[in-house]
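This is what each chain is made of:
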Amino acid sequence: MKKNIILMGPPGAGKGTLAKQLKEALHLVHISTGDMFRDAIKAKTELGNLAASYINRGDLVPDDVTIGLVKERLSQPDCEAGFLLDGFPRTLPQAEALEEIAKQISRPIEVVVNLDCDNEELVRRISGRRVCKNCGAPYHVVTMKPKAEGVCDLCGGPLYQRKDDNEEALKVRLEHYVAETKPLLDYYEKLGLLESFDSLVGKEQLFDEVKNFLNK
Ligand code: ADP
Ligand code: ZN
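In this text the structure is predicted, and so the values were computed from the model without any measurement.

Student: Quick one: what's the story with the packing of helix α1 (residues 15–26) against helix α9 (residues 203–215), residue by residue and with numbers?
Tutor: Viewed as axis vectors pointing N to C, α1 and α9 meet at an angle of 50 degrees, and their least axial separation amounts to 10 Å. By the angle class used here, α1 and α9 are oblique. Remark: the crossing between α1 and α9 carries right-handed chirality. Note on element contacts: α9 touches α1 through K203, E204, L206, F207, V210, K211, L214 and N215, opposite T17, L18, Q21, L22, A25 and L26. Split into classes, the residues belonging to the contact of α1 with α9 amount to eight nonpolar, three polar and three charged.

Shown next, in the form of structure tokens:
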């Protein structure tokens, strides 16, 4: 089984949803930089205040901040079991730093799972997205409704719309994706690590396909 995994794809491709399914099924540690920043914002820490000023506009948090955060997290003993990086790396300096960190802690990246999704669908998914304030579980007002309106099925927490899930911030996020993150697909292709999946097949089929691939 492959266990040190990067999940890549544009905002709305389904990285977070897939990561939560894989985490349960394969007992991997889920490391989402977006969730880490949102936790820091909720706790009103210094990191949270700094991150919020970038995230709410749709911009990227500076590399040195993000790299430091991931380095600390990946070095913790629970990551020995295998990890799923969701939302990192997003820039070339982050990818290069990750290679260095992985070497230092002897936990090399084994595969990059890339989710393909067309732009129209990304906009539809993000504009209807709701997220649990407690546990971060994702929902959609049309396609992934909770059992009771506004309440998380998993933990009973309240659902809300992320501040960066609006048309304006999404446009900026997609621009960053194309300019800074998409080029990493070439980087990982050259390293022989890239494996792409079509996210339009739906979340259950996508989960099956990726799980079967990782289990090989
Ligand atoms: P999505 O994939 O839906 O855009 P995330 O939850 O992964 O959402 O990230 C939300 C925001 O957090 C990003 O738009 C960015 O501002 C910040 N962020 C997350 N990961 C990184 C990263 N690796 N580098 C810089 N900023 C990041
Ligand atoms: Zn919840």
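Student: I'd love a proper account of the site of ligand 1, names of residues and values included.
Tutor: The environment of ligand 1 is formed by 19 residues, the closest being T33, R38, D59, G87 and Q94. Taking G87, its main chain carries an N or O atom lying 2.9 Å from a nitrogen atom of ligand 1. If ligand 1 stood free it would expose 540 Å²; the protein chains cover 96% of that surface. The element contributing the most residues to the shell around ligand 1 is helix α2 (residues 33–42), with four residues. Its residues placed into classes, the shell around ligand 1 shows six nonpolar, five polar and eight charged.

Student: Quick one: what's the story with the coordination of the zinc ion (ligand 2), residue by residue and with numbers?
Tutor: The protein atoms donating to the zinc ion (ligand 2) are C132 (SG), C135 (SG), C152 (SG) and C155 (SG), with metal-donor distances spanning 2.3 to 2.4 Å. Angles of 97 to 116 degrees at the metal separate the four donor atoms of the zinc ion (ligand 2), which places the site in the tetrahedral class. All donors of the zinc ion (ligand 2) belong to a single chain; written as a sequence motif, their spacing is C-x2-C-x16-C-x2-C. In this pair, C132 sits in strand β5 (residues 129–132) while C155 sits in the loop between β6 (138–140) and β7 (159–160), placing the two residues 23 residues apart along the sequence. On the accessibility criterion, C132 (2% relative accessible area) is buried.

The rules we used
Residues numbered from 1 in each chain as written. Chains lettered and ligands numbered in written order. Predicted model: local features only at pLDDT ≥ 70, side-chain atom pairs only at ≥ 80, totals over all residues. Heavy atoms only, no water. Axes fitted to C-alpha atoms, helices over the stretch in contact; angles between N-to-C directions. Helix = DSSP H or I, 4+ residues; strand = E, 2+ residues; numbered from the N terminus. Parallel < 35°, antiparallel > 145°, perpendicular 65-115°, else oblique. Left-handed = near helix turned anticlockwise from the far one by under 90°. Contact = heavy atoms within 4.5 Å. Nonpolar A, V, L, I, M, F, W, Y, C, P; charged D, E, K, R; others polar. Near = heavy atom within 4 Å. Polar contact = N/O pair within 3.5 Å; in protein donor to acceptor, adjacent residues only side chain to side chain. Areas by Shrake-Rupley, 256 points an atom, 1.4 Å probe, with all protein chains shown as cover. Donors = N, O, S within 2.8 Å, 3.2 Å for Na, K, Ca; no water. Tetrahedral: all angles 85-135°; square planar, octahedral: opposite > 155°, others 65-115°. Buried < 20%, exposed > 50% of the residue type's maximum accessible area, 1.4 Å probe, protein only.

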